[in-house]
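Close look at the chain arrangement
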Amino acid sequence: MGVVPEYARDGKSRISLMIKPEFENSFQIAHGSVIMALLDFAMGAAARSQQDLTLGAITVDMSVSFLRPSTGNICVEGCVLRSGKQVSFCEAIVLNEVGEITAKASGTFMLRR
């Protein structure tokens with residue numbers, strides 16, 4: 001897809017992606033599934049970044065709200081709200097080129113060692 005991982009450390013992550021025509025729906029905006037995948041990835045990366053021995057983060061639950069169309073170069077920021085030994089609660093937002101939030105998500109992730 002061309003996702004650019006910028007960082008994942010201390011329970012926070014940031015990735016970016018240029019929305020190309022192949023990622024758009026019939027309205028020439030990012031398809032919801034693309035946005036959901038990016039939000040999921042950012043939250044999982046944030047969850048994994050808190051623990052050194054974590055092999056992966058499995059999505060248990062995820063809720064997404066689409067606030068406005070996502071176009072152009074977007075970035076996604078994820079963060080851990082609360083983390084335990086096996087489960088992390090996370091949030092993520094999608095930002096457009098002018099810094100507006102275009103979508104947001106919350107999710108629960110099971111950490112695998």
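Next up on the list: the overall build of the chain. For the chain, the helix and strand inventory stands at one helix and six strands. In sequence order, the secondary structure elements of the chain are arranged as β-β-α-β-β-β-β. Relative to the compact-globule value of 13 Å for 113 residues, the chain shows a C-alpha radius of gyration of 14 Å, a close match. For the C-alpha atoms alone, the extent of the chain along its principal axes is close to 40 × 25 × 20 Å. By the burial criterion, 36% of the 113 residues in the chain qualify as buried. Restricting to contacts in the chain with at least 6 residues of sequence separation, those with at least 24 account for 61%. When the accessible surface of the chain is summed, it comes to about 6500 Å², and 52% of that surface belongs to carbon and sulfur atoms.

Moving on to helix α1 (residues 32–48). Taking 1.5 Å of rise per residue, the 17 residues of α1 would be expected to cover 24 Å, and the 24 Å separating its terminal C-alpha atoms lies within 8% of that figure. If you check which residues of α1 are buried, you get Val34, Ile35, Leu38, Leu39, Ala42, Met43, Gly44, Ala45, Ala46 and Ala47. Looking at the buried positions of α1, the neighbouring elements they touch are β1 (4–9), β2 (12–18), β3 (56–66), β4 (73–83), β5 (87–95) and β6 (101–112).

Moving on to the side chain of threonine 108. Tracing the backbone through its elements, the reader meets threonine 108 in strand β6. Look at threonine 108 and you get buried, because its relative accessible area is 16%. If we skip the residues at most four places from it in the chain, threonine 108 touches Ile58, Thr59, Val60, Asp61, Val87, Ser88 and Phe89.

What follows concerns the sheet that holds β2. One open sheet accounts for six strands, arranged β1-β2-β4-β5-β6-β3; its pairing is antiparallel. Each edge of the open sheet is held by one strand with a lone partner, namely β1 and β3. Across the sheet, the axes of successive neighbouring strands diverge by a mean angle of 20°, strand direction being ignored. The strands touched by α1 are β1, β2, β3, β4, β5 and β6; relative to β3, the strand with the most contacts, the crossing angle is about 135°.

In this section: the pattern of salt bridges. Applying the stated criterion across every chain, the model contains three salt bridges. Across the pair arginine 14 and glutamate 77 runs a salt bridge whose closest N-O atoms are separated by 2.5 Å. Of this pair, arginine 14 sits in strand β2 while glutamate 77 sits in strand β4; the two residues are 63 residues apart in sequence, bridging distant segments of the chain. Judged by relative accessible area, which is 23%, arginine 14 ranks as partly exposed. Relative accessible area serves as the criterion here: at 26%, glutamate 77 is assigned to the partly exposed category. By sharing partners, the salt bridges in this structure join Glu6, Arg14 and Glu77 into a single network.

By the bridge criterion, five bridges tie β1 to β2 in an arrangement that is antiparallel. If you follow valine 4 over to β2, its bridge partner there is serine 16. Counting the residues between successive antiparallel strands, the hairpin from β1 to β2 contains two residues, one of them, aspartate 10, with a positive phi of roughly 55°. Bridge count for β2 against β4 is seven bridges, and the pairing is antiparallel. Residue pairing across strands places isoleucine 15 opposite valine 76, the latter belonging to β4.

Conventions adopted
Residues numbered from 1 in each chain as written. Predicted model: local features only at pLDDT ≥ 70, side-chain atom pairs only at ≥ 80, totals over all residues. Heavy atoms only, no water. Helix = DSSP H or I, 4+ residues; strand = E, 2+ residues; numbered from the N terminus. Rg over C-alpha atoms; globule rule 2.2 N^0.38 Å. Buried < 20%, exposed > 50% of the residue type's maximum accessible area, 1.4 Å probe, protein only. Contact = heavy atoms within 4.5 Å. Areas by Shrake-Rupley, 256 points an atom, 1.4 Å probe, with all protein chains shown as cover. Expected span 1.5 Å × (residues − 1). Pairing = 2+ DSSP bridges. Axes fitted to C-alpha atoms, helices over the stretch in contact; angles between N-to-C directions. Salt bridge = Lys/Arg side-chain N within 4 Å of Asp/Glu carboxyl O.

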